[in-house]
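Notes for the structure review
Letter by letter, the chains look like this.
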2 protein chains.
Amino acid sequence: MSAQSFGTRLQQAVADRGPIVAGIDPHAALLEAWGLPDTPAGLAEFSRVGLEAVAGQVAAIKPQSAFFERHGSAGVAVLEELLAEARSASVLTILDVKRGDIGSTMAAYAQAHLRPGAPLEADAITVSPYLGAGSLDPAVELALDSGKGLFMLALTSNPDGPRIQHARDFHDTPVALHVARHAEDVGAGTENRWGSVGLVVGATVGDAFTRLGLAEATTSAPILAPGFGAQGAGPAQLTEVFGESAGRTLVSLSRGLLAAGPDPQRLRQAAAALRMHYS
Amino acid sequence: MSAQSFGTRLQQAVADRGPIVAGIDPHAALLEAWGLPDTPAGLAEFSRVGLEAVAGQVAAIKPQSAFFERHGSAGVAVLEELLAEARSASVLTILDVKRGDIGSTMAAYAQAHLRPGAPLEADAITVSPYLGAGSLDPAVELALDSGKGLFMLALTSNPDGPRIQHARDFHDTPVALHVARHAEDVGAGTENRWGSVGLVVGATVGDAFTRLGLAEATTSAPILAPGFGAQGAGPAQLTEVFGESAGRTLVSLSRGLLAAGPDPQRLRQAAAALRMHYS
C-alpha cells in the first residue's frame, strides 16, 4: 500500500496548482507548427519543452499514448522518458491510453502502467468500459494497492457517443450511469477525500451529466473533462455541466494550451493564464 | 489502394489453412510453463517458437499487445519483430489492442498499426466502440485504403459484458447490434466476398448473437470468436451460436493451443489437430 492514495494526491495537486491538466499530444500538425520533425527525436523535444513549461502550473500532464505509439517502440521509449521526467519533477501523470479488456489481459495493461517500477509507469490511466465496468476491476485492484488511479470513459460529446453511453440496460439504467456508479463504488473516496477511480466526461455534453443521474451518483470520484478551449467549453461550463462536481473536475486542455508553443516562456504564460481563468 | 482487401485475404487464408487464429499471449504463467524468463528476451523466444510452430496451420496469429506492453518499449520492440517475421512468412496478423478513441487520436492509432511501413504494422487490429461505432471511422478509412482490417468488439461473455452490450438506445436497438450494423455497412463486403471490418463475438454468448439480431445484420463481416477450448466452446458452438455466419467465424485459441508448447513439434501437432477439429 502506497502512503497516499491517488485521489488524495490529485486533490492536493489541484489545491496547490489549480485544475488544469495539460495534454501532451505530439500530433503531426502540432509538431510541424513547433518546427519539429515527425520523428521520435521530434517527439522527445516536444515532450521535454511541454513538461518543463507547464510544471508547477498544472495539476497533472496527460500524454496521449497514440501519438507515441505511431512511432512504434522508439516512440514508446520517448513516452517512457517523459513519464520518468515528470515523476522526477513531481508532476502527476495521467496517461491517456483508453485500455479495456478482461481478466489476465486487463491485469497486464494495469501492470504495464500502474505497477511501481514498470517502464511505462504513470500515476493514472484512462480506461474504456465496453466490456462492462466490472471488467476493469483487475486494474482497480492494482491501482488501489499501488496508490494509482483510473479514469473510466463515461460520457463524451462526439456525435456517436450517446448511441452507446445513453443506452439503457435491463434495469433502465443508462450505460454511463452504470459506469459512474461503479467508479464511485470502487474508488475508495470519502465525503472529503477524492476517490482514486474517476470518470471521463466531456465538458460539452450539455445537461447529460445531471439528466442521466451521474451528478447525483458521484460524490467523491474526480472528473477528467476534455472539451475546454478549442472545443468550445469555458469556465461557465464547469458549473453548468458539472454542478456540485465542479470542484472535482479537471480541466483537460491540449491544443488550446500547446498552440502557445514552442517558445517555453509563452507556453508557461499560457498555462499560468489558463490556471487563473479556470480557478 | 492495396491490390487485395483484408477481407479477401482473410477469406483465402481460411480456405487454404482453416479457421484457427492462434493467440500469441506471453503472459507470466505461460512463460513460466515454457521455462522462459518474464523478460523481453523470454517474450522474443516465446514469439519465435509460437509463430514457427503454427505458420501454415492457422488463418492468422493474434498477438495480445498487453503482454508486450507490460515490458515497456523493450516489449513493444519484440512485438515489432514478431509482426515483421509473420509478414515475411506470409502469416496474417490480427493485433489484439482493443483501441478506441475519436478524431485525430483514433487516426493516430490506425497509423500506428494499419499504415504500410509503420513499425507496428499488422494486417488488422481489434477496436473498442465505447465512443460509438462511428468514432472508429478514421481507422476504417485507413484500413480500407491500405488493404487492412478491423474487428470491432460486439458481444462478450464475461459477466459484466451484457450490461453495456445488450443495452438499448433510443431506437430500441441493442448496442451490439448498432456495432454490427456499422461494421457490415462500412466493411465493403459483398455476397461472396468477406468485408474488411469484422466483429469480436464470444463463442460462449449463448443465443445472444441471433436473439439480438446480429446474425441477421451480418452477411459479409468476419467474426473473431474467442471462448473456444479452455473457455468452454467447441465445434458445436460454431453452428449453435453463429448459425449461417459459422463459415465466416474465426476460432480464436490461445491457452488451449499454447499449452502444448514449448516443444515446437508438439505445438505444431496441436495446431494441426485443432485445425482438423474445427474445419
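If you're wondering where the values come from, they're calculated on a predicted model, not measured in any experiment.

From N to C terminus, chain A includes 14 helices and 8 strands. For 279 residues, the compact-globule formula gives about 19 Å, and the C-alpha radius of gyration of chain A, at 18 Å, lands near that figure. Buried positions account for 62% of the 279 residues belonging to chain A. If you sum the accessible surface of chain A, you get close to 9600 Å²; carbon and sulfur atoms cover 51% of it. Chain A carries 20 positive and 28 negative side-chain charges, and their two centres are separated by 3 Å.

Strand-to-strand pairing in sheets goes through backbone hydrogen bonds, with the strands running parallel or antiparallel. Residues and elements named next belong to chain B. The 8 strands lie next to each other as S1-S2-S3-S4-S5-S6-S7-S8, forming a closed barrel whose pairing is parallel. This sheet shows a mean twist of 30° between the axes of neighbouring strands, independent of strand direction. Here strand S4 (residues 124-127) pairs with strand S5 (residues 149-155) via 4 bridges, running parallel. Within S5, the position partnered with Thr126 by the bridge is Phe151. Running at roughly 170° to strand S1 (residues 20-24), helix H3 (residues 40-54) makes contact with S1 and strand S2 (60-63) of the sheet.

Here the focus is the UniProt feature "domain: Orotidine 5'-phosphate decarboxylase" (unreviewed entry) in chain A. According to UniProt, the positions carrying the feature "domain: Orotidine 5'-phosphate decarboxylase" (unreviewed entry) are residues 19-270 of chain A. Each end of residues 19-270 of chain A is marked by a C-alpha atom, and these two atoms are 14 Å apart; helix forms 43% of the span and strand 16%.

All names here are of chain A. Going through the model one piece at a time under the given rule, you end up with 8 aromatic pairs over all chains. Between Phe6 and Phe151, the aromatic rings sit 6.1 Å apart at their centres with planes inclined by 85°, giving edge-to-face as the arrangement. Of the two residues, Phe6 sits in helix H1 (residues 6-17) while Phe151 sits in strand S5 (residues 149-155), which places them 145 residues apart along the sequence. Here Phe6 matches Phe151 in class, with each residue buried. For the ring pair Trp34 and Phe46, a centre distance of 4.3 Å and an interplane angle of 40° mean the geometry is tilted. Separated by 12 residues along the polypeptide, Trp34 in the loop between helix H2 (28-33) and helix H3 (40-54) and Phe46 in helix H3 bring together distant segments of the chain. Relative accessible area serves as the criterion here: at 0%, Phe46 is assigned to the buried category.

Below, the discussion takes up the pattern of salt bridges. Any two side chains of opposite charge can pair, so long as their charged atoms come close to each other. Counted by the stated rule, this structure contains 28 salt bridges over all chains. With a closest N to O distance of 2.9 Å, Lys98 of chain A and Asp96 of chain A form a salt bridge. When its relative accessible area of 9% is taken as the criterion, Lys98 of chain A is described as buried. Residue classification places Asp96 of chain A among the buried residues on the basis of a relative accessible area of 5%. One salt bridge in this structure joins Lys148 of chain B and Glu121 of chain B, with 2.6 Å as the shortest N-O distance. Here Lys148 of chain B is found in the loop between helix H7 (137-146) and S5, whereas its partner Glu121 of chain B is found in the loop between helix H6 (103-114) and S4, with 27 residues between them in sequence. The burial state of Lys148 of chain B is the same as that of Glu121 of chain B; both residues are buried.

Between helix H5 (residues 72-88) of chain A and helix H5 (residues 72-88) of chain B, the least distance of the axes is 8 Å, while the angle of their chain directions is 175°. One element, H5 of chain A, and the other, H5 of chain B, form an angle in the roughly antiparallel class. Residue-level inspection shows Gly72, Ser73, Val76, Ala77 and Glu80 of chain A of H5 of chain A in contact with H5 of chain B, the latter providing Gly72, Ser73, Val76, Ala77 and Glu80 of chain B. In the contact of H5 of chain A with H5 of chain B, the residues fall into 4 nonpolar, 4 polar and 2 charged.

Take the interface of chain B and chain A next. If you look at the interface, chain B gives 57 residues, while chain A gives 57 residues. Taken together, the two surfaces of chain B and chain A that pack against each other cover about 4500 Å², and 57% of this comes from carbon and sulfur. Broken down residue by residue, the surface that chain B buries against chain A is led by Arg70, Tyr130 and Arg163 of chain B, which jointly contribute 18%. In this assembly, chain B and chain A are joined by 6 salt bridges. Close ionic contact of Arg163 of chain A with Asp169 of chain B constitutes a salt bridge, the shortest N to O distance being 2.6 Å. Seen at the junction of chain B and chain A, the total is 25 residue pairs in polar contact (both at pLDDT 80 or more). Looking at the side of chain B that touches chain A, the elements that each hand over two or more residues are helix H4 (65-69), H5, strand S3 (92-99), H6, S5, helix H8 (161-165) and helix H9 (175-186) of chain B. For the side of chain B that touches chain A, the element with the highest residue contribution is H6 of chain B, accounting for 7 residues.

Our focus in this paragraph is the relation of the copies chain B and chain A. Note on the identical chains: chain B maps onto chain A by a rotation of 180° and an axial translation of 0.0 Å, with an RMSD of 0.0 Å. The transformation relating the two chain copies, once decomposed into turn and shift, fits a two-fold axis. When the interface residues of chain B are mapped onto chain A, 100% of them are again interface residues, pointing to one common binding face.

Let us now look at the pairing of S5 of chain A. Residue and element names in this part refer to chain A. Most of S5 is tucked away, with 7 of its 7 residues classed as buried. In this fold, the crossover linking strand S4 (residues 124-127) to S5 by way of helix H7 (residues 137-146) has right-handed handedness. Where S5 and strand S6 (residues 197-201) come together, 5 bridges link them in parallel fashion. Bridge assignment links Phe151 to a residue of S6, and that residue is Gly198.

Next up on the list: the side chain of Thr8 of chain B. Here Thr8 of chain B shows up in helix H1 (residues 6-17). Excluding residues within four positions of it along the chain, Thr8 of chain B makes contact with Arg193 and Trp194 of chain B.

Residues and elements named next belong to chain A. Geometrically, the link from Gly261 to Pro262 is a cis peptide bond, its omega value of 10° lying close to zero. Of note in this structure, Ser90 is not a glycine but carries a positive phi near 55°. Within the secondary structure, Ser90 is located in the loop between H5 and strand S3 (92-99). One non-glycine residue with positive phi stands out, namely Lys98, at about 45°. Looking at where Lys98 falls in the secondary structure, it is placed in strand S3.

About the cut-offs
Residues numbered from 1 in each chain as written. Chains lettered and ligands numbered in written order. Predicted model: local features only at pLDDT ≥ 70, side-chain atom pairs only at ≥ 80, totals over all residues. Heavy atoms only, no water. Helix = DSSP H or I, 4+ residues; strand = E, 2+ residues; numbered from the N terminus. Rg over C-alpha atoms; globule rule 2.2 N^0.38 Å. Buried < 20%, exposed > 50% of the residue type's maximum accessible area, 1.4 Å probe, protein only. Areas by Shrake-Rupley, 256 points an atom, 1.4 Å probe, with all protein chains shown as cover. Lys, Arg positive; Asp, Glu negative; His and termini not counted. Charge placed at Lys NZ, Arg CZ, Asp CG, Glu CD. Pairing = 2+ DSSP bridges. Axes fitted to C-alpha atoms, helices over the stretch in contact; angles between N-to-C directions. Contact = heavy atoms within 4.5 Å. UniProt positions renumbered as here; feature names shortened; annotations may be inferred. Phe/Tyr/Trp six-rings, centres within 6.5 Å; stacked < 30°, edge-to-face > 60°. Salt bridge = Lys/Arg side-chain N within 4 Å of Asp/Glu carboxyl O. Parallel < 35°, antiparallel > 145°, perpendicular 65-115°, else oblique. Nonpolar A, V, L, I, M, F, W, Y, C, P; charged D, E, K, R; others polar. Buried area = accessible area lost by both parts, 1.4 Å probe. Polar contact = N/O pair within 3.5 Å; in protein donor to acceptor, adjacent residues only side chain to side chain. Least-squares fit on C-alpha atoms with pLDDT ≥ 70 in both. Right-handed = clockwise from strand over helix to strand, strands pointing away.

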